[in-house]
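Descriptive analysis of the structure
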Amino acid sequence: MPRSSFRHNLRAFQDIRGEPPAPGFVADLEFLENRDLDLSVRSGALLGFNALLLTIGTHPVSASPGAPLSLDAAGQPVLTLVSIAALAPLAISSWMLLQAMLLGEEFESEGLEGDALRHRLFAAFVHSIDAQARRLTLAIRWTIAGAGLTIAVWAAILAGKML
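Let me sum up the structure you'll find in this document.

Definitions and cut-offs
Residues numbered from 1 in each chain as written. Predicted model: local features only at pLDDT ≥ 70, side-chain atom pairs only at ≥ 80, totals over all residues. Heavy atoms only, no water. Patch = residues over 30% accessible without salt bridge, like charges linked within 9 Å, V, L, I, M, F, W, Y side chains within 5 Å. Areas by Shrake-Rupley, 256 points an atom, 1.4 Å probe, with all protein chains shown as cover. Salt bridge = Lys/Arg side-chain N within 4 Å of Asp/Glu carboxyl O. Helix = DSSP H or I, 4+ residues; strand = E, 2+ residues; numbered from the N terminus. Buried < 20%, exposed > 50% of the residue type's maximum accessible area, 1.4 Å probe, protein only.

Below, the discussion takes up a nonpolar patch on the surface. A grouping of Trp95, Leu98, Met101 and Leu102 is seen on the molecular surface, where their side chains present a nonpolar patch of about 460 Å² in accessible area. You can see tryptophan 95 is positioned in helix 5 (residues 88-102). Assessed through its relative accessible area of 56%, tryptophan 95 is described here as exposed.

Given below as structure tokens:
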């Protein structure tokens, strides 16, 4: 069950570093923190990209009548529905990215000391990084699917107007 306060993790970390931390411990922790930051930056960048794609994807429905990519919902219901459906993978991707960015390094430290506590801290950090990386990978796939569907809808709209 997730804890409502980070105080528990801070106390465990303070117990770990009760004595001066070994240089290896500090290096390992910095490595994990850098990897975590890298994933957060990538997730944030893809989330911003998804926002742009969502805006672009709504264009056919919101464009002024007569614009090259405009749709008339009453006259073109199938294309309108497909255009809106193409936004779903982008929304799913954004949800996965938000989940990845909100993951924490929760761990139970009761009854642990010294090396066991260090290992538990690292295991929690690695688990969090793995979960973030999995969500980022899935989010990338959903983004590609949504972008591909959006391009297909745009091509169908333009083809219908040109033919």
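That shown, we press on.
Take the side chain of serine 83 next. Inspection of the secondary structure puts serine 83 in helix 4 (residues 77-85). Judged by its relative accessible area of 3%, serine 83 falls in the buried class.

This part takes up the environment of glycine 44. Tracing the chain through its elements places glycine 44 in helix 2 (residues 23-57). By relative accessible area, which is 32% here, glycine 44 ends up partly exposed. With 57 residues separating them along the chain, glycine 44 and methionine 101 place their C-alpha atoms 7.9 Å apart.

Turning our attention to the pattern of salt bridges. Inspection of every chain in the model, using the stated rule, returns two salt bridges. In this structure, the salt-bridge partner of aspartate 38 is arginine 42, at a minimum N-O distance of 3.3 Å. One end of the pair is aspartate 38 and the other is arginine 42, both in helix 2 and four residues apart, which spans about a single turn. For arginine 42, a relative accessible area of 47% corresponds to the partly exposed category.

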